[in-house]
Amino acid sequence: MTAATVSPPLKPSRNLDPKTEPINGPKGVLLSNGRQLVSMRIAICQALCEEMQRDDAIFIMGEEVAQYQGAYKVTKGLLDQFGPERVIDTPITESGFTGLAVGAAMTGLRPVIEYMSWNFSLVAFDQIISNASKMSYMTGGMFSVPLVMRGPNGAGPRVSSQHSHAVEALFSHFPGLIVVSPSTPYDAKGLMKTALRQNNPVCFLENEMIYGLEQEIPVEDYQIPFGKGDIKRAGGDCTVVAVSRSVHWSLEAAEQLAKDGIECEVVDPRTVKPLDIDLIAASVRKTNRCVVVEECYQTGGVGAEIAARLQDICFDDLDAPVGRVTTTENPMPYAANLENETLPKPHRIVAAVKKACYR
Amino acid sequence: MTAATVSPPLKPSRNLDPKTEPINGPKGVLLSNGRQLVSMRIAICQALCEEMQRDDAIFIMGEEVAQYQGAYKVTKGLLDQFGPERVIDTPITESGFTGLAVGAAMTGLRPVIEYMSWNFSLVAFDQIISNASKMSYMTGGMFSVPLVMRGPNGAGPRVSSQHSHAVEALFSHFPGLIVVSPSTPYDAKGLMKTALRQNNPVCFLENEMIYGLEQEIPVEDYQIPFGKGDIKRAGGDCTVVAVSRSVHWSLEAAEQLAKDGIECEVVDPRTVKPLDIDLIAASVRKTNRCVVVEECYQTGGVGAEIAARLQDICFDDLDAPVGRVTTTENPMPYAANLENETLPKPHRIVAAVKKACYR
Amino acid sequence: MAVSSTAPTIDRVAIRAQMGKERLLRIYQQMLLVRRFEERAAIQYQARKILGFLHLYIGQEAVAGGFYDHLEGGKDYSVTSYRCHAQALFLGLDPKELMAELFGKITGNVRGKGGSMHFFSKEKGYLGGHGIVGGQIPVGTGAAFTAKYRKTGGVSVTFLGDGAVPQGTFHESLNMASLWNLPAIYVIENNMYGMGTACTRAVAVQDMAVAKAPGYNMKAWTIRDGLDLFECWAVAKEVVAYARTGKPALVEAKTYRYRGHSVSDAGQYRSKEELERYQQLDPIERVKKDLIEAGWLTDAGAEQIDEQVQTRVREAVQFADESPEPPLDELFKDVYAK
Amino acid sequence: MAVSSTAPTIDRVAIRAQMGKERLLRIYQQMLLVRRFEERAAIQYQARKILGFLHLYIGQEAVAGGFYDHLEGGKDYSVTSYRCHAQALFLGLDPKELMAELFGKITGNVRGKGGSMHFFSKEKGYLGGHGIVGGQIPVGTGAAFTAKYRKTGGVSVTFLGDGAVPQGTFHESLNMASLWNLPAIYVIENNMYGMGTACTRAVAVQDMAVAKAPGYNMKAWTIRDGLDLFECWAVAKEVVAYARTGKPALVEAKTYRYRGHSVSDAGQYRSKEELERYQQLDPIERVKKDLIEAGWLTDAGAEQIDEQVQTRVREAVQFADESPEPPLDELFKDVYAK
Ligand SMILES: Cc1ncc(C[n+]2csc(CCOP(=O)(O)OP(=O)(O)O)c2C)c(N)n1
Ligand SMILES: Cc1ncc(C[n+]2csc(CCOP(=O)(O)OP(=O)(O)O)c2C)c(N)n1
Ligand SMILES: [Mg+2]
Ligand SMILES: [Mg+2]
């Protein structure tokens with residue numbers, strides 16, 4: 001393993017200074033230790049930028065990605081660098097530009113489309129499922145759809161019912177799609193590079209609430225393969241499988257639980273499809289307990305699939321039922337206290353882990 | 001329980017004579033035993049017809065539902081009886097007429113919309129999720145959306161990739177929706193009546209391949225409540241939870257397994273959401289084994305949710321992992337032999353049950 | 001696309017006479033209430049009493065003002081996007097319940113479940129504010145369907161932004177409305193931008209209603225100065241009367257929003273000069289001037305009205321602030337209807 | 001909506017001269033191949049060698065015939081709905097692999113994975129047949145985007161039915177194509193029905209292209225007699241040349257399908273008289289008549305051509321019949337691309 005393939009620590013040695021240093025755009029801040037300090041925004045933007053330099057088949061399309069520099073400033077600077085032929089503002093027409101991207105991908109290009117948020121991918125659902133996910137199979141492998149669909153996923157800050165979807169489970173249900181859900185800048189950059197160098201439609205699920213997260217990552221080029229999870233915290237008492245922003249809530253919960261003498265192993269699958277069930281199972285064989293934490297709904301969520309798999313392959317290893325901490329089964333309410341109860345926050349994770357440990 | 005609330009036998013004493021008796025439309029054939037012989041088509045059409053007579057707020061809208069009498073002839077005769085104001089042909093515009101129905105439902109009507117097949121509901125996905133499923137919650141209960149969305153679901157005969165979706169799991173994932181998946185004419189009629197007398201958006205999932213199925217059902221009015229499953233076959237060795245058409249494949253498999261001395265209890269939840277987990281769990285506590293059979297994909301399918309629930313509430317009762325027999329993880333291929341392997345056919349069910357029984 | 005300077009100078013004096021003192025004063029007060037309500041909401045947002053999105057209608061008040069005066073809450077229906085505060089106020093909803101909704105309180109318009117983007121009123125036939133661009137267009141069409149089905153003589157007004165015109169739902173809805181002769185009015189509030197995207201970069205035609213209506217065999221109207229209450233009111237009068245005869249109508253109102261798309265928008269996509277040019281055309285100031293010119297209002301009277309309005313808004317803020325959060329048992333309430 | 005009897009009598013002799021003997025003969029043979037291929041497929045369907053859907057193009061051959069003669073497979077792109085057999089044959093795909101696909105064999109065009117609705121050719125730039133009505137429209141738009149992005153000078157032709165016009169994807173695609181000046185040609189094949197629904201009941205305007213194009217700032221063409229190869233060819237020539245200059249085009253071809261929507265359609269929505277009237281206008285018979293009239297073909301020659309075509313189709317059926325089913329390890333192949 002080269003330095004670049006070992007996950008760096010989650011916490012950087014220092015933070016970016018917004019007054020003097022870029023907090024978005026493609027450039028990180030070089031550190032004396034030979035690494036670069038980047039935010040999640042920078043990590044994603046940098047991956048896009050480096051790959052666009054490498055491969056002129058890649059273009060970016062979406063609402064406000066160009067002149068506005070991205071609704072959440074993830075594509076900052078790319079228009080200036082690559083021009084309006086490759087960084088393209090669209091009308092509000094998700095179904096249209098998703099289908100356009102499928103056609104462009106079938107004819108040799110590598111589109112990256114941004115959904116201002118994944119909530120709006122529901123408008124484009126048929127193009128994603130009936131066209132993007134099936135094209136390779138339906139054409140007997142004649143055509144492929146190298147397409148990256150990206151944007152913020154999961155609950156934003158108090159944006160209520162129609163703007164708070166987490167779609168990991170929704171898209172994982174369909175063969176033909178790859179579902180990526182990074183929790184750190186390091187993972188996001190390495191996974192985006194992989195996404196841009198392979199030939200399948202990828203749902204690249206970012207999370208607005210961790211766009212500002214900072215980390216020290218390698219300067220040199222690296223990739224993170226799909227289907228390989230990462231242990232974000234080692235522990236022997238309970239396995240906590242967490243996705244995207246939930247990783248951070250889980251780490252918070254783990255610190256609290258440690259005070260009660262419960263050591264959690266926080267496993268981040270990084271890609272929900274393909275899913276690194278082997279890594280999860282290996283951890284469970286050690287801890288004999290598992291709790292899954294995610295922002296999807298419980299019914300048919302990522303936790304449902306993981307629990308279903310574990311009760312099969314780890315049937316004799318589990319000392320307690322696999323617990324599921326998810327968004328509760330209601331549309332997202334606006335009120336602060338209700339939103340707080342709806343999300344899989346640390347207090348709910350702590351309770352679930354204690355239950356799994358019969359404490 | 002009145003006669004009408006006991007499930008009649010699956011097999012009728014005789015079959016309809018297509019030369020002299022109606023095989024579709026709202027009228028069944030009266031039998032000397034005081035029951036009526038109907039096909040699945042008739043059962044559904046009759047429920048619609050009777051409720052439209054009772055409640056003038058109900059109207060039917062969809063592609064080819066009126067003049068063409070329904071692409072699959074489920075709405076046969078309704079145009080003649082209720083006229084073009086209440087039985088309405090639409091352009092091919094699923095997103096449009098679904099949203100229209102949401103608006104009509106919010107203003108006091110009770111729309112029934114037909115998707116020529118549920119595959120086409122993907123085009124209307126945003127209207128179903130962002131509007132229909134959330135309206136009651138998002139308005140603090142001020143508005144409700146009494147809407148029945150219906151049509152054939154699951155694989156048709158050799159119609160390949162884009163026309164073979166089963167959407168039970170897809171829609172069950174979202175709070176606010178009710179998902180109904182009847183396997184018999186008796187269940188279909190009783191559930192449709194319930195759907196038309198309550199105030200939530202209902203995904204009423206029919207199956208083209210069993211539209212011709214016949215059964216003797218009561219003449220008098222009856223309803224089947226949501227969330228109440230039905231035992232389609234009693235048995236003590238293994239619980240087989242099956243949905244829609246899979247019920248019949250499971251019964252077929254059960255007969256074969258009986259020859260090997262394995263008695264399956266085939267449990268039909270009838271509604272996937274709400275799900276009668278109590279009935280399933282009660283059966284599992286008796287058999288200590290469970291296999292779920294469905295036409296959805298395995299990842300995040302109905303079986304995933306049921307397995308996840310059972311490994312929790314029946315943790316100490318299960319002698320084997322919950323098995324899952326689903327559509328295999330590939331888009332539906334056209335070739336006959338590949339289609340046959342893709343679907344959860346009896347030979348795959350038999351194998352799964354034997355595995356669960358360690359045989 | 002801009003508000004047309006070459007707008008045919010409509011006869012404001014004649015329209016004013018048509019409206020009459022009482023009505024014009026009422027609309028003026030409503031417009032002022034909308035303005036003050038939202039100005040205060042913006043302040044409360046800065047104070048972090050309100051979070052999430054907050055899309056303000058400031059600058060566009062004449063459009064809704066002109067239309068709602070011709071609608072009968074209850075009989076007629078209306079629906080709009082997430083920019084949904086003004087409609088609720090023109091329909092006469094209490095600022096208290098609306099501000100409480102923005103604060104996420106149980107006393108809110110929808111019990112704190114919806115927030116800024118989701119105001120509704122069943123009683124007034126307000127099918128509310130919707131967060132998905134274009135998502136409300138078929139819903140408004142459905143309300144028109146109900147009006148026809150029940151032969152109520154009501155109409156349905158669907159407000160949408162210029163940015164929603166490219167969405168498929170726009171196309172699908174207009175085709176159905178035209179095929180079935182629904183009393184559906186579609187009002188494109190063209191405030192020149194969809195977020196940071198100038199409408200010229202999002203829609204391939206200039207005069208949207210005029211260019212698109214023939215493709216649906218529909219009649220079109222253009223409100224060339226959507227910051228002028230008189231023009232909005234006069235066109236709305238004609239359009240609503242037309243729709244009541246059982247025909248759909250497409251209207252484009254060229255207007256402008258003074259604030260950012262949402263409160264977090266820096267607004268670098270438009271020039272200071274452009275903004276100031278439109279601020280010169282402030283719809284509320286112009287009505288005030290007209291009222292005074294007509295001798296229906298004095299400066300003192302205007303002062304007084306503003307004071308009354310300000311008081312109502314202050315009371316609304318206080319009410320919202322003092323109202324309790326929803327109890328936690330609200331979490332699973334109304335996921336399903338009874 | 002019907003094929004216009006008042007069609008300006010185009011100068012067929014002039015167009016015929018323009019086309020020349022060789023080309024006209026070639027197109028005639030292709031059209032005949034399409035016809036015989038599908039007639040035979042229908043027979044094989046009755047024999048249950050083919051299952052699922054089978055949508056036949058019979059009656060519409062002149063439309064694709066007129067367009068493909070101006071396209072360069074490879075450089076230009078095309079895409080259509082599930083009614084996708086003719087396009088593949090006009091592009092020169094081997095009837096053997098196509099019939100084998102209908103039979104669901106491993107030797108099929110897409111290895112037996114797709115069936116009747118999903119013919120494709122990467123080599124010919126044929127983005128294939130699509131089952132979701134309107135679903136192919138943005139895809140064809142994307143191919144036009146690629147042509148522009150790569151400056152290949154190629155165009156993309158998207159065929160769609162009259163029934164697809166009301167879908168949102170139609171609206172969204174045309175708006176993008178116009179905004180971005182894509183070399184995208186949209187050909188509405190108006191065969192008067194979407195399944196059993198007359199287009200007058202589904203689309204609110206009569207002459208679709210002419211009525212809708214202005215709403216997208218696009219140029220429109222109408223092929224008034226889409227059963228006439230000469231008119232189709234002449235319009236296609238003009239349209240393709242226009243699109244090559246980097247502009248989108250909207251075309252309506254008024255045509256007719258002689259068979260049911262799919263093989264299982266009883267067709268009670270149209271009269272026997274109507275069908276017969278259009279059968280009088282058989283596009284293939286008319287070309288044959290013209291060829292003979294021009295002295296470019298004799299009855300005997302026609303016989304011979306038909307015999308050759310029939311032989312090719314028979315061989316295709318035999319090939320399909322004798323080909324093996326896909327091996328079971330094909331089940332999970334190509335779910336993901338390498
Ligand atoms: C389907 C969808 N796509 C994107 C968004 C994000 N978004 C919210 S408002 C907006 C701009 C809408 O502009 P316009 O329709 O002109 O309305 P305005 O805000 O100007 O009133 C966008 C892109 C959304 N809410 N829904
Ligand atoms: C989104 C969607 N809705 C419904 C269908 C079912 N369907 C298949 S073809 C068809 C009619 C299409 O008519 P048209 O577009 O005129 O094409 P044609 O068959 O006449 O060539 C319908 C309703 C579908 N395939 N996709
Ligand atoms: Mg706007
Ligand atoms: Mg047609």
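Please read all numbers here as calculations on a predicted model, not as lab measurements.

A:F171, A:L310, B:F171, B:L310, C:F145 and D:F145 are the most contacted members of the largest nonpolar core, which totals 191 residues. With sequence-adjacent residues up to four places away left out, B:L310 is seen in contact with B:I277, B:I280, B:A281, B:V284, B:C290, B:F315, B:L318 and B:V322. Among the nonpolar cores identified, the runner-up in size contains 129 residues, and A:I44, A:Y68, C:L24 and C:A249 belong to it.

For the pair chain A and chain B, the superposition axis carries a translation of 0.0 Å, the fit reaches an RMSD of 0.0 Å, and the rotation angle comes to 180°. Here the symmetry operator amounts to a two-fold rotation axis.

Not every one of the 21 residues close to ligand 1 is listed here, only the nearest: A:E94, C:Y82, C:R83, C:G131 and C:G163. Among the chains of the assembly, those with residues near ligand 1 are chains A and C. Here an oxygen atom of ligand 1 sits 2.9 Å away from a polar atom, N or O, in the main chain of C:G163. At a separation of 3.3 Å, an oxygen atom of ligand 1 approaches a polar backbone atom of C:A164. Here ligand 1, which alone exposes 580 Å², has 96% of that area covered by the protein. Of the residues in the shell around ligand 1, the class split is 9 nonpolar, 8 polar and 4 charged.

This paragraph deals with the sheet that holds strand β6 (residues 148-152) of chain B. Strand pairing in a sheet is mediated by backbone hydrogen bonds. Such pairs are either parallel or antiparallel. All names here are of chain B. If you walk across this open sheet you meet the 7 strands as β4-β3-β5-β6-β8-β7-β13, and the pairing is mixed. Strand pairing shows two members of the sheet lacking a second neighbour, β4 (87-89) and β13 (271-273), which therefore form its edges. Strand-to-strand, the axes of this sheet are offset by a mean angle of 20°, without reference to chain direction. As paired elements, strand β5 (residues 110-114) and β6 share 3 bridges and run parallel to each other. The partner of E114 across the bridge, within β6, is R150. Contacts between helix α3 (residues 94-106) and the sheet are confined to β3 (58-62) and β5, with β5 contributing the most and set at about 165° to the helix.

Across the contact, 47 residues belong to chain A and 39 residues belong to chain D. Both faces considered, chain A and chain D share a buried interface measuring about 3,300 Å² in area, 65% of it formed by carbon and sulfur atoms. Taken as a group, A:Y137, A:M138 and A:M142 account for 21% of the area that chain A buries against chain D, more than any other trio of residues on that side. Between chain A and chain D we count 1 salt bridge in total. For D:R150, the salt bridge is made with A:D56, and the minimal N-O distance between the two is 3.0 Å. The interface formed by chain A and chain D holds 16 residue pairs in polar contact (both at pLDDT 80 or more) in total. Elements that contribute at least two residues to the side of chain A that touches chain D include exactly β3 (58-62), β4 (87-89), α3 (94-106), α4 (125-132) and α5 (135-138) of chain A. Top element by residues in the side of chain A that touches chain D is α3(A). It accounts for 10 residues. A per-class count over the side of chain A that touches chain D returns 21 nonpolar, 19 polar and 7 charged.

Another aspect to go through is the interface of chain A and chain B. With 46 residues of chain A at the interface, the matching set in chain B holds 47 residues. Summed over both partners, the interface of chain A with chain B comes to about 4,200 Å²; 62% of that surface belongs to carbon and sulfur atoms. The largest contributions to the chain A side of the interface with chain B come from A:Y137, A:H173 and A:Q311, which together make up 16% of the buried area. Linking chain A with chain B are 4 salt bridges, by the criterion used here. With a closest N to O distance of 3.3 Å, A:K273 and B:E329 form a salt bridge. Run the count over chain A and chain B and you get 18 residue pairs in polar contact (both at pLDDT 80 or more). Breaking the side of chain A that touches chain B down by element, the ones donating at least two residues are α4, α5, α6 (168-172), β14 (290-297) and α10 (302-313) of chain A. Counting residues per element, the side of chain A that touches chain B draws most heavily on α10(A), at 7 residues. Classifying every residue of the side of chain A that touches chain B by side-chain character gives 23 nonpolar, 13 polar and 10 charged.

The local shell around ligand 2 holds 21 residues, among which B:E94, D:Y82, D:R83, D:G131 and D:N191 are the closest. At ligand 2, the nearby residues belong to more than one chain, namely chains B and D. D:R83 places a side-chain nitrogen or oxygen 2.8 Å from an oxygen atom of ligand 2. The side chain of D:D162 places a nitrogen or oxygen atom 3.0 Å from an oxygen atom of ligand 2. Burial of ligand 2 by the protein amounts to 95% of the accessible area it has alone, namely 580 Å².

Considering all chains together, one arrives at 12 cavities of 30 Å³ or more under this definition. When its volume is computed, the largest cavity comes out at roughly 270 Å³. Those elements that place two or more of their residues in the lining of the largest cavity are α4 of chain A, α4 (125-132) of chain B, α7 (168-179) of chain C together with α7 (168-179) of chain D.

A few words on the sheet that holds strand β14 (residues 290-297) of chain B. Residue and element names in this part refer to chain B. Judged by pairing direction, the sheet is mixed, and its 5 strands sit side by side in the order β10-β12-β11-β14-β15 without closing on themselves. Looking at the sheet topology across the chains shown, the edges are occupied by β10 (230-233) and β15 (323-327). Geometrically, the sheet is characterised by an average inter-axis angle of 25° between neighbouring strands, direction not taken into account. Relative to strand β12 (residues 264-268), β10 runs antiparallel, the two being bridged by 3 bridges. Bridging from a neighbouring strand, I231 pairs with V267 of β12. Lying over the sheet, helix α8 (residues 245-259) contacts β10, β11 (238-242), β12 and β14, oriented at roughly 175° with respect to β12.

What follows is about the coordination of the magnesium ion (ligand 4). Residues and elements named next belong to chain D. Surrounding the magnesium ion (ligand 4) are the protein donor atoms D162 (OD), N191 (OD1) and Y193 (O), which sit 2.1 to 2.2 Å from the metal. A relative accessible area of 2% means that D162 is categorised as buried. Taking the relative accessible area as the measure of exposure, Y193 reaches 8% and is therefore buried.

Before going further, it helps to spend a moment on the coordination of the magnesium ion (ligand 3). Residues and elements named next belong to chain C. At the metal site, the magnesium ion (ligand 3) is ligated by D162 (OD), N191 (OD1) and Y193 (O), and these contacts range over 2.1 to 2.2 Å. All donors to the magnesium ion (ligand 3) come from one chain, and their sequence spacing reads D-x28-N-x1-Y. You can see D162 sitting in the loop between β3 (156-161) and α7 and its partner N191 sitting in the loop between β4 (184-190) and β5 (193-194), a full 29 residues away along the chain. For the pair D162 and N191, one class covers both residues: buried.

Here we come to the environment of C:G108. Mapped onto the secondary structure, C:G108 falls in the loop between α5 (95-102) and β2 (126-130). Beyond its immediate sequence surroundings of up to four residues, C:G108 is in contact with C:E97, C:A100 and C:E101.

With that settled, consider the pairing of β14(B). Residue and element names in this part refer to chain B. Of all 8 residues making up β14, 8 are buried, and the element is well covered by its neighbours. Alignment of β11 against β14, held across 4 bridges, turns out to be parallel. The residue of β14 that forms the bridge with V241 is V292. Note that β14 and β15 share 4 bridges and pair parallel. Bridged to V293 within β15 is V325. Handedness of the crossover joining β14 and β15 through helix α10 (residues 302-313) is recorded here as right-handed.

The rules behind the values
- Numbering of residues starts from 1 in each chain and follows the order in which that chain's sequence is written.
- By the order in which they are written, chains take letters starting at A while ligands take numbers starting at 1.
- Per-residue local features are limited, in this predicted model, to residues with pLDDT of at least 70; the limit for side-chain atom pairs, both in listing and counting, is 80 or more; totals at the level of whole chains, interfaces and linings are taken over all residues.
- Calculation of side-chain values draws on the structure's entire complement of heavy atoms; hydrogens and water are dropped beforehand.
- Note on terminology: a nonpolar core comprises buried Ala, Val, Leu, Ile, Met, Phe, Trp, Tyr and Cys residues joined through side-chain atoms within 4.5 Å.
- When a residue's accessible area, from a 1.4 Å probe over protein chains only, is under 20% of the maximum for its type it is buried; when over 50% it is exposed; and in between it is partly exposed.
- In what follows, residue pairs with any heavy atoms lying within 4.5 Å of each other are defined as contacts.
- Only residues with pLDDT of at least 70 in both copies contribute their C-alpha atoms to the least-squares superposition of the copies.
- Being near a molecule or strand, for a residue, comes down to having at least one heavy atom within 4 Å of it.
- For the purposes of these results, a polar contact is taken to be a pair of N or O atoms within 3.5 Å, where, inside protein, one atom must be able to donate a hydrogen and its partner to accept one; residues adjacent in sequence count only when each atom of the pair is a side-chain atom.
- What sets the accessible areas is the Shrake-Rupley method with a 1.4 Å probe; for residues, cover comes only from the shown protein chains.
- Think of it as three bins: nonpolar holds Ala, Val, Leu, Ile, Met, Phe, Trp, Tyr, Cys and Pro, charged holds Asp, Glu, Lys and Arg, and polar takes everything else, Gly as well.
- Here, any two strands with at least 2 DSSP bridges between them count as paired.
- Put simply, DSSP H or I for four residues or longer makes a helix, DSSP E for two residues or longer makes a strand, and each gets a number counted from the N terminus.
- To get an axis, fit a line to the C-alpha atoms, keeping to the stretch in contact for a helix; angles then go from 0 to 180 degrees between the N-to-C directions.
- As used here, buried area is the combined drop in accessible area, with a 1.4 Å probe, of two parts when they are placed together.
- Salt bridge criterion: a side-chain nitrogen from Lys or Arg within 4 Å of a carboxyl oxygen from Asp or Glu.
- Cavities and pockets were defined on a 1 Å grid built from protein atoms only: a cavity is a group of points that admits a 1.4 Å probe but offers it no way out, a pocket is an open group of points flanked by protein on both sides within 12 Å along at least five of seven lines, and a lining residue is one with an atom within 4 Å of any such point.
- Grid points are joined across faces, edges and corners, and a volume is the space filled by probe spheres set on the points.
- Water is not among the atoms examined, so metal sites may look incomplete; donors are the N, O and S atoms within 2.8 Å of the metal, or within 3.2 Å for Na, K and Ca.
- Crossover handedness is defined here as right-handed if the route from the first strand over the helix to the second strand goes clockwise, with the strands pointing away from the viewer.

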